[in-house]
Amino acid sequence: MGITARWRILAVSGAALMTASTVAACGSEDGTQINVYYAPEENFQKVIDRCNDEANGRYEIVYRKLPREADGQREQMVRRLAAGDTDLDILGLDVTWVPEFAEAKWLEEFTDSNKQQAEEGVLEGPLSTAQWNGKLYAATKNTNVQLLWYDDSITPNPPETWRDMIDMAKRLKQEDKPYQILFTGAQYEGLVVTYNTLVASYGGKILSDDGRSVVMDEGAVKALKLLKEIASSGVTDPSLTNAQEQQVQQGFEAKTSEAAFELNWPYVYAAMQEANPERAKHFKWARYPGIDGPGKVTIGGYNLAVSAYSEHKPESFEAALCLRSEESQRMSAISDGVPPTIESVYNGEDAEFVEKYPMWETIVEQLQDAAVRPLTVVYQNLSTITSKVLSPPQDIDPEATAAELREQLQKALESKGVLP
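Note that the structure is predicted; figures quoted are calculated from it, not measured.

1. Thoughts on the nonpolar core
The tendency in soluble globular proteins is for nonpolar side chains to be buried as a group.
Move 1: With 108 residues, the main nonpolar core has Phe101, Ile181, Tyr195 and Phe261 as its most contacted residues.
Move 2: In terms of residue count, helix H8 (residues 218–232) provides more of this core than any other element does, 8 residues in total.
Move 3: Those residues in contact with Tyr195 that lie beyond four places of it in its chain are Ile206, Met216, Ala220, Ala223, Leu224, Leu227, Thr386, Leu390 and Leu405.
Move 4: Of all hydrophobic cores here, the second largest spans 19 residues; its members include Tyr38, Ile48, Ile90 and Cys322.

2. Observations regarding the confidence of the model for the protein chain
Move 1: Of the residues in the protein chain, 92% reach a pLDDT of 70 or more, and the chain-wide mean stands at 91.
Move 2: Low pLDDT (under 50) marks residues 1–26, which in the prediction has 95 contacts with non-local residues, meaning those over four places away or in another chain.
Move 3: Here residues 416–420 is modelled with pLDDT under 50, and outside its nearest four sequence neighbours on either side it reaches 11 contacts, counting other chains as well.

3. Thoughts on the side chain of Asn52
Move 1: For Asn52, the position within the fold is in helix H1 (residues 44–55).
Move 2: Judged by its relative accessible area of 10%, Asn52 is buried.
Move 3: Beyond its immediate sequence surroundings of up to four residues, Asn52 is in contact with Gly57, Tyr59, Glu60 and Ile61.

4. Considerations on unusual backbone geometry
Move 1: That bond from Ser391 to Pro392 is cis: its omega, -5°, falls within 30 degrees of zero.
Move 2: Position of Pro392 relative to the elements: it lies in the loop between helix H16 (379–390) and helix H17 (398–414).
Move 3: Residue Asn56 is not a glycine yet carries a positive backbone phi of 55°.
Move 4: Within the secondary structure layout, Asn56 lies in the loop between H1 and strand E2 (60–65).

5. Quick word on the pattern of salt bridges
Between side chains of opposite charge, a pair can form when the charged atoms approach closely.
Move 1: According to the stated counting rule, one finds 20 salt bridges in the structure shown.
Move 2: Measuring nitrogen to oxygen at the nearest pair gives 2.7 Å for the salt bridge that ties Arg373 to Glu189. Taken as a pair, Arg373 in the loop between helix H15 (360–367) and H16 and Glu189 in helix H7 (residues 189–201) lie far apart in primary sequence, 184 residues in all. Comparing Arg373 with Glu189, the two get one shared label, buried.
Move 3: One salt-bridge network, held together by shared partners, links Glu327, Arg330, Asp350 and Glu352.

6. What about H15?
Side chains three or four residues apart in an α-helix point the same way, a direct result of the helix having 3.6 residues per turn.
Move 1: Burial analysis of H15 places 6 of its 8 residues in the buried class, the great majority of the element.
Move 2: Every buried residue of H15 is accounted for by Trp360, Thr362, Ile363, Val364, Gln366 and Leu367.
Move 3: On its buried face, H15 sits against helix H5 (124–128), strand E6 (139–145), strand E7 (147–151), strand E10 (283–286), strand E11 (299–306) and helix H14 (351–356).

Reading the values: rules and limits
Each chain has its residues counted from 1, running along the sequence as written. Note on the predicted model: pLDDT of at least 70 is required for a residue's local features to be given, and 80 or more for side-chain atom pairs to be given and counted; whole-chain, interface and lining totals, by contrast, use all residues. The side-chain values count all of the structure's non-hydrogen atoms but skip hydrogen atoms and water molecules. In these notes, a set of buried Ala, Val, Leu, Ile, Met, Phe, Trp, Tyr and Cys residues joined through side-chain atoms within 4.5 Å is what counts as a nonpolar core. Note on classification: 1.4 Å probe, protein chains only; a residue is buried when its accessible area is under 20% of the maximum for its type, exposed when over 50%, partly exposed between these limits. Secondary structure is summarised from DSSP: a helix means a run of H or I of at least four residues, a strand means a run of E of at least two, and numbering begins at the N terminus for each. Working rule for contacts: check all heavy atoms of both residues, and any pair within 4.5 Å makes them a contact. Values of pLDDT, the confidence the predictor places in each residue, fall between 0 and 100. The rule for a salt bridge is simple: a side-chain nitrogen of Lys or Arg has to be within 4 Å of a carboxyl oxygen of Asp or Glu.

Here it is, written out as structure tokens:
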């Protein structure tokens, strides 16, 4: 499942199937109501209000909040779409779900002017997550990339490679200074994201480009070796195997933190200002480390799709395009800390944007050379298998683990249909 950690978004917790939000709306003047099913996002309603103003009474967009956890979001939409529920108009999809939903014929394709508007100015990496089999099935709402966060009072010059970072951590440990490298090592999607970034940084592949066969090439095996080394070198937190985004964030924020480096999403910048103002003065960012230089980072984010069962498709396309327009993405970036997919929003002349996003140039650099997770209709199953095989990372046996992944992932690809 995609990781879309946010700054100032409601914390990820809980699961379970939920009914639609009771966010009320009286509808438009002619009674047309467009339901957008989307994850809890603190200020998304303000974006919806702006788009409703633009609609000028022709329709009313209503925010139907999905569960907070990604699995719960997907489960609710899968069950309702499988039943042909016409109440769903616009779907908020994690970047890994588009192939699955499109293959099930639950999404309406973006064509003609809708396609042109949805693609215009969008960075290549995020745009690829909205496509399947050469067609566009969603409009990109926001993206996300992890950065390297560090304390410049401890390491004034951040490492560019994993080798540099491991060596720095070992030296800091010997000097009895904060030294730990914090990253998502728990058995869940965060571990899969970490591994995928290492594979991409080695120039490797897990699946073929068409998502139909397992590759697990030399780069994928080298990534296993590095992941094992990182986890076994005594430079991570003892709780690595339980670490998700929030634990990583809190581990660096703590007054007694032993961390020197944090690999996490941009939302941690604002969180640090509130949680530990003293350390926030030295809280800096750099590109994610790679093998011979900066890494090729796995992107996250959300896309907006139109349900094939919607009874208001023209209005739904119009509403979806407004909700992810340049101005809407700017609003969401400033108020909820979700990085835009439209390159022009990253504007160094926009003082308010720069204040909220001082790391914007680094984000753009990474997005221009980003990695995406394997695009396949069974990504949910693939992710579950991968996280299980990789956990705990310190027990990885590179060749044996690669062989197990090849076997298990191929079985997942050979399964048919959409997972419940």
